[in-house]
Every structure is written in C-alpha cells, then in structure tokens.
Amino acid sequence: GEQVEQLPSILRVQEGSSASINCSYEDSASNYFPWYKQEPGENPKLIIDIRSNMERKQIQELIVLLDKKAKRFSLHITDTQPGDSAMYFCAARASSGSWQLIFGSGTQLTVMP
Amino acid sequence: EAGVTQSPRYAVLQEGQAVSFWCDPISGHDTLYWYQQPRDQGPQLLVYFRDEAVIDNSQLPSDRFSAVRPKGTNSTLKIQSAKQGDTATYLCASSLGERLFFGHGTKLSVL
C-alpha cells in the first residue's frame, strides 16, 4: 500500500528563520496533499493543502510545493515564531486503499526565541 | 459550527477489559474516520464510513475491534479485551469532500 515518508523527525530553528519539512509518496495517482499541525494534547488541525493540479500554494507564512514527477512535496514556514512550535504531519490521498489519507510519521518543530 | 466531538477524553483500562469510544461528526459530513495515533507517530486509519456503510476496515483488528455508524451520523468504536499495545490516542475525523477535520481524541492507556 501507499507509504508516506516524512523528514526530518526533529527540527529546531531560530525565531525569524525558515523551516522546511519534506515528504515523499509512492502512489503516482495520489492527488491531494494536506498538512496538519498538532500541539500537545490537541487534535491535528489542517493548516494548508494542495491538489495535484497545482505546484505551489501559499497561505500567509506557509508555502507548500508539490513535485509530481519526483513524488515529493514540502512545507516551508517562513519567518517562524515560537507559536509555530508543534508536531507537523503531511499526508497523501492514495488511490490504493480506497482513497484514504496516509499520514507521515511527523516532524517535531521547535522554534527557539 | 461545532467541530467533531469525541468522548470520553481519557480511558484507563487493565488488559482484558472492554472500552467504547463515541464520535459525533460535524453536521452534514457524510464520511467518518477512526484513526489510531500511537505516541509520537502519525495517525493510522482503522476504519471509515460513508453514511452508514463501511468503506474500508482492512486495518481494523477484527478479532477485538468493531465500529458502527448505524444511522450515518454518530459512530462507536469498541475494543474488546484490550491489550497494552492498544495504548494510543483514538481520533475520529469527518469530511464532506477532501478535507478531514479531527476531534480531540480519546487517550487510551492499557495497563
């Protein structure tokens, strides 16, 4: 079945710098790629998503890039703030397995003041 | 608009005990998902429904886990005879279309 690999698992950056998280997927028919942010004790919250008919999407400080040929997508957080510290998960919707969302293993981001 | 509601928030069991989790999806969402999230890992799908029908339960341990959504609204996930390896947060999510919205989950500890 579909696998989604997410790296790095731990990321520490200085406040004001950029943070990048990378994911790769296996199923070339995957067509939807959301990103979720999860703070301790809270539910995962959708922060940005991209469909396969796009290569780039930006919402404020969040940028998502999708490279369908390489089967990779990435999240870039510009001008990071301490409030960006959280666990981030990427996911891909795969045609195998009845179009379910397959999640990566997560990236623990810490933004240091 | 109310989000996805789950109860209870926490459960602590001894091995061999049974437990049920309840989920109320966002009103109007036809698809409901149950995910298992072990500590420091990503959510892993157990089962999902569209209306009252099971679409995929291939990753639900059928010997001890069961899930129902009889009227296509609320859903219950039950674990019979819990094991220590079931310790995780159980997340319910709902969608109408692509975007999934998660509840706060039930954090289960099996001692």
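This text gives an overview of the structure that appears in the document.

The rules behind the values
- Residues numbered from 1 in each chain as written.
- Chains lettered and ligands numbered in written order.
- Predicted model: local features only at pLDDT ≥ 70, side-chain atom pairs only at ≥ 80, totals over all residues.
- Heavy atoms only, no water.
- Pairing = 2+ DSSP bridges.
- Helix = DSSP H or I, 4+ residues; strand = E, 2+ residues; numbered from the N terminus.
- Axes fitted to C-alpha atoms, helices over the stretch in contact; angles between N-to-C directions.
- Phe/Tyr/Trp six-rings, centres within 6.5 Å; stacked < 30°, edge-to-face > 60°.
- Buried < 20%, exposed > 50% of the residue type's maximum accessible area, 1.4 Å probe, protein only.
- Polar contact = N/O pair within 3.5 Å; in protein donor to acceptor, adjacent residues only side chain to side chain.
- Contact = heavy atoms within 4.5 Å.
- Salt bridge = Lys/Arg side-chain N within 4 Å of Asp/Glu carboxyl O.
- Buried area = accessible area lost by both parts, 1.4 Å probe.
- Nonpolar A, V, L, I, M, F, W, Y, C, P; charged D, E, K, R; others polar.

All names here are of chain A. Taken in spatial order, the five strands make up an open sheet running β1-β3-β8-β7-β6, and their pairing is antiparallel. Of all the strands in the sheet, the pair left with one neighbour each is β1 (4-7) and β6 (56-59). Each neighbouring strand pair of the sheet contributes to a mean axis angle of 15 degrees, computed without reference to strand direction.

A few words on the sheet that holds strand β3 (residues 19-24) of chain B. Residue and element names in this part refer to chain B. The strand order across the open sheet formed by four strands is β1-β3-β8-β7, and the pairing between neighbours is antiparallel. Two strands close off the open sheet at either side, each with one partner strand: β1 (5-7) and β7 (65-68). In this sheet, adjacent strand axes meet at a mean angle of 15 degrees when their direction is disregarded. Two elements, β3 and strand β8 (residues 75-79), share five bridges in a ladder whose sense is antiparallel. Directly across from S20, in β8, lies its bridge partner K78.

Take the packing of aromatic side chains next. How two aromatic rings sit relative to each other is given by the distance of their centres and the angle of their planes. Overall, the coordinates contain 13 aromatic pairs over all chains when judged by the stated rule. Each ring, one from Y25(A) and one from F73(A), has its centre 6.0 Å from the other, and the planes form 55 degrees; the classification is tilted. Taken together, the residues Y25(A) in strand β3 (residues 19-25) and F73(A) in strand β8 (residues 72-77) connect sequence positions 48 residues apart. Ring geometry for W35(A) and F73(A): centres 5.6 Å apart, planes at 65 degrees, overall edge-to-face. Of this pair, W35(A) sits in strand β4 (residues 32-38) while F73(A) sits in strand β8, placing them 38 residues apart in sequence. An aromatic cluster of three or more residues is present, and its members are Y36(A), F103(A), Y33(B), Y35(B), Y48(B) and F102(B).

Take the side chain of H76(A) next. Residue and element names in this part refer to chain A. Structurally, H76 can be placed in strand β8. A residue is classified by how much of its surface remains accessible, and H76, at 19% relative accessible area, is buried. Side-chain polar atoms of H76 contact the side chain of S20, separated by 2.7 Å. Only 2.9 Å separates the side chain of H76 from the side chain of S74, close enough to count as a polar contact. Not counting residues within four places of it along the chain, the set of residues in contact with H76 comprises A19, S20, E61, L62, I63 and L65.

What follows covers the pattern of salt bridges. A complete count under the given rule lists six salt bridges over all chains for this structure. In this structure, K45(A) engages E42(A) in a salt bridge whose closest nitrogen and oxygen atoms are separated by 3.6 Å. Residue class for K45(A) comes out partly exposed when judged on its relative accessible area of 40%. Among the salt bridges present, the one from D40(B) reaches R39(B), with a minimum N-O distance of 3.9 Å. Overall, D40(B) belongs to the exposed group, its relative accessible area being 56%.

Our focus in this paragraph is the interface of chain A and chain B. You'll often see interface size given as the accessible area lost when the parts meet. Facing 21 residues of chain A, the contacting portion of chain B comprises 21 residues. For the pair chain A and chain B, the two sides together bury roughly 1,700 Å², of which 45% comes from carbon and sulfur. Connecting chain A to chain B are two salt bridges. At the boundary of chain A and chain B, one finds nine residue pairs in polar contact (both at pLDDT 80 or more). Contributing elements (two or more residues each) for the side of chain A that touches chain B: β4, β5 (45-51), β9 (86-93) and β10 (101-103) of chain A. Here the side of chain A that touches chain B is built from residues that sort into eight nonpolar, eight polar and five charged.

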